[in-house]
Amino acid sequence: MRLFAAVLPPAPALHELAVEVALLKRLPAADRLRWTGRDGWHFTLAFYGEVSEETLPDLRERLERAARRRDPYELRIAGGGRFSDRVVWAGADGDRPAMRKLADSAAAAARRAGIAMTDEHRPYTPHLTLARNRVPTVHLAPYATALKDFAGSPWTVGKLSLMRSHPPVHGVPGAQPHYEEIASWPLGR
């Protein structure tokens, strides 16, 4: 199973972001980008890759412990940017140190369960992927600029989710990966 740990924003926060994304889709060349669907918007905390069924119980137990050790915290979807001219993303504002600690705990839980973490030396940047560039000639700076002043309403992050990623259907144009929450644990309890 292809798994990752994530924070899932509540429906009202996703609605606010959807309104902003609708405006982004009016920018020049927006039709040349591959936009992610609202059901795929999440903040990845730690990406685990392929995890065997045998490892899953240990990972679940360790993630539950990690969630209990972290208190709920305030967050909102705010701002945005780009990773080079490859990805447009929305950012996070609020208690980012708490978010980073939760991400570190989710990665540590995986390492202790025997899962090799390939991106552990990269600095954690909380983001929601909004679009991917299919054509490298589309410049994403205008999209990042348009997101600069976006600020959604705050909410309390109260759980850690373990997600399964199902790849897009092969051969179907525009097919997106599908994400399934397979477990979650309340923070601080």
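Residues numbered from 1 in each chain as written. Predicted model: local features only at pLDDT ≥ 70, side-chain atom pairs only at ≥ 80, totals over all residues. Heavy atoms only, no water.

### With respect to the sheet that holds strand 9 (residues 178–186)
The strand order across the open sheet built from four strands is 3-1-8-9, with neighbouring strands paired in antiparallel fashion. At either margin of the open sheet sits one strand with a lone partner, and together these are strand 3 (43–50) and strand 9. Averaged over all adjacent pairs, the angle separating strand axes in this sheet is 25°, with direction ignored. Bridge count for strand 1 (residues 2–7) against strand 8 (residues 159–166) is four bridges, and the pairing is antiparallel. The partner of Phe4 across the bridge, within strand 8, is Met163. Strand contacts of helix 2 (residues 56–68): strand 1, strand 3, strand 8 and strand 9, with the helix running at about 55° to strand 9, the strand carrying the most contacts. Helix 3 (residues 96–112) rests against strand 1, strand 3 and strand 8 of the sheet, and its axis sits at about 15° to strand 3. (Pairing = 2+ DSSP bridges. Helix = DSSP H or I, 4+ residues; strand = E, 2+ residues; numbered from the N terminus. Axes fitted to C-alpha atoms, helices over the stretch in contact; angles between N-to-C directions. Contact = heavy atoms within 4.5 Å.)

### Some details on the packing of aromatic side chains
Applying the stated rule across the entire model yields three aromatic pairs. Ring centres of Phe4 and Tyr179 lie 5.6 Å apart, and the angle between their planes is 85°; on these two criteria the pair is classed as edge-to-face. With Phe4 in strand 1 and Tyr179 in strand 9, the pair connects residues that are 175 residues apart, well separated along the chain. On the basis of relative accessibility, which here comes to 3%, the residue Phe4 falls in the buried class. (Phe/Tyr/Trp six-rings, centres within 6.5 Å; stacked < 30°, edge-to-face > 60°. Buried < 20%, exposed > 50% of the residue type's maximum accessible area, 1.4 Å probe, protein only.)

### Observations regarding the pattern of salt bridges
With the rule as written, the count across this model stands at six salt bridges. The residue Asp93 makes a salt bridge to Arg76 at a minimum N-O spacing of 3.0 Å. One end of the pair, Asp93, is in strand 5 (residues 87–94); the other, Arg76, is in strand 4 (residues 73–83), and 17 residues separate them in sequence. A relative accessible area of 33% places Asp93 in the partly exposed class. Among the residues examined, Arg76 registers a relative accessible area of 26% and is labelled partly exposed. (Salt bridge = Lys/Arg side-chain N within 4 Å of Asp/Glu carboxyl O.)

### Details of the sheet that holds strand 4
Read from one edge to the other, the open sheet built from five strands follows the order 2-6-5-4-7, with strand pairing classed as antiparallel. The open sheet has two edge strands with one neighbour each: strand 2 (33–35) and strand 7 (155–157). Going from strand to strand, the sheet's axes swing by 40° on average, the running direction of each strand aside. Set on the sheet, helix 3 makes contact with strand 4 and strand 5; between it and strand 4 the angle comes to about 85°.

### Examining the confidence of the model for the protein chain
A low pLDDT score tells you not to read the predicted coordinates there in detail. Overall, the predicted model of the protein chain reaches an average pLDDT of 92, with 95% of residues at or above 70. Taken element by element, the predicted model of the protein chain shows its lowest mean pLDDT in strand 2 (92) and its highest in strand 7 (98). (pLDDT = per-residue confidence, 0-100.)

### Regarding helix 3
The end-to-end C-alpha distance of helix 3 is 24 Å, a good match for the 24 Å that 17 residues give at a rise of 1.5 Å each. With its phi angle positive at about 95°, Gly114 sits one or two positions after the end of helix 3. (Expected span 1.5 Å × (residues − 1).)

### Brief notes about the packing of helix 2 against helix 3
Look at helix 2 against helix 3: their axes get within 9 Å of each other, and the N-to-C directions meet at 150°. In terms of their interaxial angle, helix 2 and helix 3 are classed as roughly antiparallel. Crossing of helix 2 over helix 3 shows right-handed handedness. Between helix 2 and helix 3, the contacting residues are Asp58, Leu59, Arg62, Leu63 and Ala66 on the first element and Ser105, Ala106, Ala109, Ala110 and Arg112 on the second. When the residues that make up the contact of helix 2 with helix 3 are grouped by side-chain class, the tally is six nonpolar, one polar and three charged. (Parallel < 35°, antiparallel > 145°, perpendicular 65-115°, else oblique. Left-handed = near helix turned anticlockwise from the far one by under 90°. Nonpolar A, V, L, I, M, F, W, Y, C, P; charged D, E, K, R; others polar.)

### Topic: helix 2
Residue pairs three or four apart in sequence face the same way in an α-helix, which turns once every 3.6 residues. Between its first and last C-alpha atoms helix 2 spans 18 Å; for 13 residues at 1.5 Å apiece the expected length is 18 Å, and the two agree. Those residues of helix 2 that fall on the buried side of the exposure criterion are Leu56, Leu59, Leu63, Ala66 and Ala67. Buried positions in helix 2, seen along its axis, are confined to an arc of 95° and lie on one side of it. Taken together, the buried residues of helix 2 touch strand 1, strand 3, helix 3, strand 8 and strand 9. (Arc of directions from axis to C-beta.)

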